[in-house]
Amino acid sequence: MNYKSNVLVAPSLLSADFSRLGEEVDAVQDAGADWLHLDVMDGNFVPNITIGPPVIAAIKRCAEVPLDVHLMIDRPERYVKDFQSAGADILSIHPEACVHLHRALVEIRDSGMKAGVALNPSTGICAIENVLAELDIVMVMTVNPGFGGQSFIPTMFPKIKAIRKMIDESGYDILLEVDGGVSPKNSSELTKAGVNVLVAGSAVFGTRSYKVSIDNIRNGRVM
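What you see as residue numbers is a count from 1 along each chain, following the sequence as written. Only residues with pLDDT of 70 or above have their local features reported here, since the model is predicted, and side-chain atom pairs are shown and tallied only from 80 upward, although totals for entire chains, interfaces and linings are computed over all residues. The side-chain numbers reported here are obtained from all heavy atoms of the structure, hydrogens and water having been left aside.

### What to know about helix α4 (residues 101-110)
At 3.6 residues per turn, the α-helix brings residues three or four places apart onto the same side.
(1) Moving on: Buried residues are those whose accessible area, probed at 1.4 Å on protein chains only, stays under 20% of the maximum for their type, while exposed residues exceed 50% and partly exposed ones sit between those limits. Helix and strand definitions follow DSSP, with helices as H or I runs of at least four residues and strands as E runs of at least two, each counted in order from the N terminus. Here α4 has its buried residues at Leu101, Ala104, Leu105 and Ile108. Projected down its long axis, α4 shows its buried positions confined to an angular sector of 100°, all on one face. Away from its buried face by more than 90 degrees, α4 exposes Arg103 and Asp110.
(2) Moving on: Just past α4, the residue Gly112 takes up positive phi, approximately 95°. Here the arc refers to the directions that run from the helix axis out to each C-beta atom.

See below:
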C-alpha cells in the first residue's frame, strides 16, 4: 500500500453513532474517507473500554477502505492474530504497553498487516529510533488517549516536526499520522509539518455533512 501521494483522512469511528454503525461506515466512505480509524481500549492502559475483534470483523464486512486499528491495550502482542483475523489492515501499538516492541512489530508485519507505533504526548521520540526499520506508520497522539472530543495540544507541533525529520533522514517509507483534536483549523499546519494521515472524530461525525468536513480537513479549509 502506497499512500504518500496525498493527504489521507481517517475518520475515527469512536465518535460515530454506534446504534447505526454500519450506516455510519457507509456514510464516511461515500464522503471520501481514505481509512477507517478504530480505537481499541481495555480500561487498563487507558481509562476507557471500547471495542474488540468481533466489532472490527463486523465493520470489515462493509469496509471498502483499510481499517486502521489503534490498540490502546496492555500487552498488545497477545492479540495480533485476533486483529489480523478480524480484518485489520494496519495495527498500531504503544511502546509503553509491551516489553518487546521490536518483536511485536515484526509479528504484526509477519501477519500481513502494516505496523505502527503510537506515541502519547509525554512519550519521547527516542522510543522509535531503534525500530524504524520495522515501522510503516508513526502515530503522534495530540491528545491524551482514552476519550474522543478532546482539544489538540499545540505543543505537539515541535514533536511532529522532529519525527518528520527522523523519518526523512532514515530513508524508510514510513507514514506520519496524527490523532487527536484534528480539525480544518489545524489540518493545514499539520500537513505543512509533514503529516500524511489525519485522524478526525468529532470534526467529522459531529457535523452535518461528512463530505464537506472530510474535504475541509484534507484541504485545510475553514468554513
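### So, the pattern of salt bridges
(1) Moving on: Any carboxyl oxygen of Asp or Glu within 4 Å of a side-chain nitrogen of Lys or Arg constitutes a salt bridge here. Scanning the entire structure with this criterion turns up ten salt bridges.
(2) Moving on: Between Arg218 and Asp34 there is a salt bridge, and its shortest N-O distance comes to 2.5 Å. Separated by 184 residues along the polypeptide, Arg218 in helix α8 (residues 210-219) and Asp34 in the loop between α1 (21-30) and β2 (36-41) bring together distant segments of the chain.
(3) Moving on: In this structure, the salt-bridge partner of Asp89 is Lys60, at a minimum N-O distance of 3.0 Å.

### Side note on empty space enclosed by the protein
(1) Moving on: Both site types are read off a 1 Å grid over the protein atoms alone. A 1.4 Å probe that fits but cannot get out defines a cavity, while an open set with protein on both sides within 12 Å along at least five of seven lines defines a pocket; lining residues have an atom within 4 Å of a point. Grid points are joined across faces, edges and corners, and a volume is the space filled by probe spheres set on the points. Counting across every chain of the model gives one cavity of 30 Å³ or more.
(2) Moving on: The space that makes up the largest cavity amounts to roughly 40 Å³.
(3) Moving on: Lining the largest cavity, in full, are Leu13, Leu14, Phe18, Leu38, Asp39, Thr50, Ile51 and Ile59.
(4) Moving on: Residue classes follow a fixed rule: Ala, Val, Leu, Ile, Met, Phe, Trp, Tyr, Cys and Pro count as nonpolar, while Asp, Glu, Lys and Arg count as charged, and any other residue, Gly among them, counts as polar. A breakdown of the residues in the lining of the largest cavity according to their chemical character gives six nonpolar, one polar and one charged.

### A closer look at the pairing of strand β7 (residues 175-179)
(1) Moving on: Of all five residues in β7, five are buried; the element is thus mostly enclosed.
(2) Moving on: Along β7, one buried face is formed by Leu175, Glu177 and Asp179 and the opposite face, lined by Leu176 and Val178, is buried too.
(3) Moving on: When DSSP finds two or more bridges between two strands, those strands count as paired. Pairing geometry for strand β6 (residues 137-141) and β7, over five bridges, is parallel. Looking at the pairing, Met139 lines up with Glu177 of β7.
(4) Moving on: Pairing of β7 with strand β8 (residues 197-200), which is carried by three bridges, proceeds in the parallel orientation. The residue of β8 that forms the bridge with Asp179 is Val199.
(5) Moving on: With strands facing away from the observer, any crossover in which the path from the first strand over the helix to the second runs clockwise is taken as right-handed. Crossover β7 to β8 through helix α6 (residues 184-192) is right-handed.

### Some details on the sheet that holds strand β1 (residues 8-11)
(1) Moving on: An order of β1-β8-β7-β6-β5-β4-β3-β2 is seen for the eight strands of this open sheet, with the pairing classed as parallel. The open sheet has two free edges, formed respectively by β1 and β2, since each of these has just one partner strand. Going from strand to strand, the sheet's axes swing by 25° on average, the running direction of each strand aside.
(2) Moving on: Pairing of strand β3 (residues 67-72) with strand β4 (residues 90-93), which is carried by three bridges, proceeds in the parallel orientation. In the sheet register, Val69 faces β4, and the bridge partner there is Leu91.
(3) Moving on: Strand contacts of α4: β4 and β5 (114-119), with the helix running at about 145° to β5, the strand carrying the most contacts. Each axis is a line fitted through C-alpha atoms, and for a helix only the stretch in contact is used; angles between axes span 0 to 180 degrees, taken between their N-to-C directions. Only heavy atoms enter the contact rule, under which two residues are in contact if any of them lie within 4.5 Å.

Such coordinate-based values are descriptive only and should not be taken to indicate function.
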